[in-house]
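# Structural description and commentary
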Amino acid sequence: MSWNFMAVFVEGTSPEEAAALLGPLHPTGEHSNLEMAELDPGEVFVGTKGAWTQLWGGALSVPDGVTPHTRVLETVFGSTASVWGFTLHDGEHVRRWMSIEGAVSQDEGTPLAIESRYRMPDWGVDEDFIFAVIRDVTGIEFDPGMVLEIYREGAEHRTHGRGWFRRR
């Protein structure tokens, strides 16, 4: 199974407010789930579960300084390049951790409790660790069948040629 995408979780905001943290994204009225997702660049899948809005897509990043009063968890899933990581903002930068090809490349801030509790497999970091971080911080279980709304950059609503966001 191959994972190549990012997910951002924003606490206590609407889907529109959370998407606005990433730039000029607009709801298309189209819906899908991550099991069926094949995104165009500029597409983001958005949904809310509990107190958290989830944004799933290819290259998502919340600019520094835009989350002064909001908890935001950014995650990276990159099995093809063996890149795994997360950044937790809680009003200010709290924790950043990244592994590339099995070696920790970033380790800033106080480790999260889950980091000491998680039993890392012999082969090293994979998506299970990132999902454990998501569960621990947000209380959300990953649900690839959850129906999410597709947001896109700009006003154009394309429905053609998807193909770079894949879960295999």
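The preceding data block contains the structure.
A short tour of the structure in this document, coming up. Just so it is clear, the structure is predicted and the values come from calculations on it, not from any experiment. Counting starts from 1 at the beginning of each chain's written sequence and moves along it residue by residue. Only residues with pLDDT of 70 or above have their local features reported here, since the model is predicted, and side-chain atom pairs are shown and tallied only from 80 upward, although totals for entire chains, interfaces and linings are computed over all residues. To obtain the side-chain values, all non-hydrogen atoms of the structure were used and water was disregarded.

## Regarding helix 3 (residues 127-138)
This is how it is decided: Helical segments are the DSSP runs of H or I of at least four residues, strand segments are the runs of E of at least two, and each set is numbered from the N terminus. To estimate how far a helix should extend, the number of its residues minus one is multiplied by 1.5 Å. Only protein chains enter the accessibility calculation, which uses a 1.4 Å probe; a residue is then buried when its area is under 20% of its type maximum, exposed when over 50%, and partly exposed in between. Under the rule applied, a polar contact is a pair of N or O atoms within 3.5 Å (in protein, one hydrogen donor and one hydrogen acceptor; residues adjacent in sequence only if both atoms are side-chain atoms).
In this model, helix 3 (12 residues) spans 16 Å end to end at C-alpha, consistent with the 16 Å of a helix rising 1.5 Å per residue. Among the 12 residues of helix 3, nine are classified as buried, and the element is accordingly described as predominantly covered. Every buried residue belonging to helix 3 is among E127, F129, I130, F131, A132, V133, I134, V137 and T138, and all of these are buried. At the N-terminal boundary of helix 3, the capping side chain belongs to D126, with an oxygen 3.0 Å from the backbone nitrogen of D128. Just past helix 3, the residue G139 takes up positive phi, approximately 80°.

## Regarding the pairing of strand 8 (residues 103-109)
Note the following rule: Criterion used throughout: strands pair if DSSP finds at least two bridges between them.
As defined by bridge partners, strand 7 (residues 93-100) adjoins strand 8 across six bridges and the pair is classed as antiparallel. Along strand 8, the bridge assignment pairs I100 with A103. Counting the residues in the hairpin turn of strand 7 and strand 8 gives two residues, including E101, whose phi is positive at 50°.

## A short note on the pattern of salt bridges
Once the charged atoms of two side chains with opposite charge are near each other, the side chains can pair. Defined as follows: Salt bridges, as used here, are contacts in which a Lys or Arg side-chain nitrogen is within 4 Å of a carboxyl oxygen on Asp or Glu.
Enumeration over the complete set of coordinates arrives at eight salt bridges. Linking E30 and R152 is a salt bridge whose minimum nitrogen-to-oxygen distance equals 2.8 Å. In this pair, E30 sits in strand 2 (residues 25-32) while R152 sits in strand 9 (residues 148-153), placing the two residues 122 residues apart along the sequence. Accessibility classification places E30 together with R152 in one group, the buried group. One salt bridge in this structure joins D107 and R95, with 2.5 Å as the shortest N-O distance. Here the residue D107 occupies a position in strand 8, and R95 occupies one in strand 7, the gap between them amounting to 12 residues. Taking relative accessible area as the criterion, R95 reaches 1% and is therefore assigned buried.

## Considering the packing of aromatic side chains
Rules: Any Phe, Tyr or Trp ring, taking Trp's six-membered ring, that has another such ring centre within 6.5 Å forms a pair; planes under 30 degrees apart are called stacked, those over 60 apart edge-to-face, and the others tilted.
Counted by the stated rule, this structure contains 10 aromatic pairs. For the pair F9 and W56, a centre-to-centre distance of 5.7 Å together with 80° between the ring planes defines the contact as edge-to-face. Of this pair, F9 sits in strand 1 (residues 4-11) while W56 sits in strand 4 (residues 52-57), placing them 47 residues apart in sequence. Here W56 falls in the buried class, since its relative accessible area comes to 1%. By way of ring pairs, the aromatic residues F9, W56, F77, W84, F131 and F142 are connected into one cluster.

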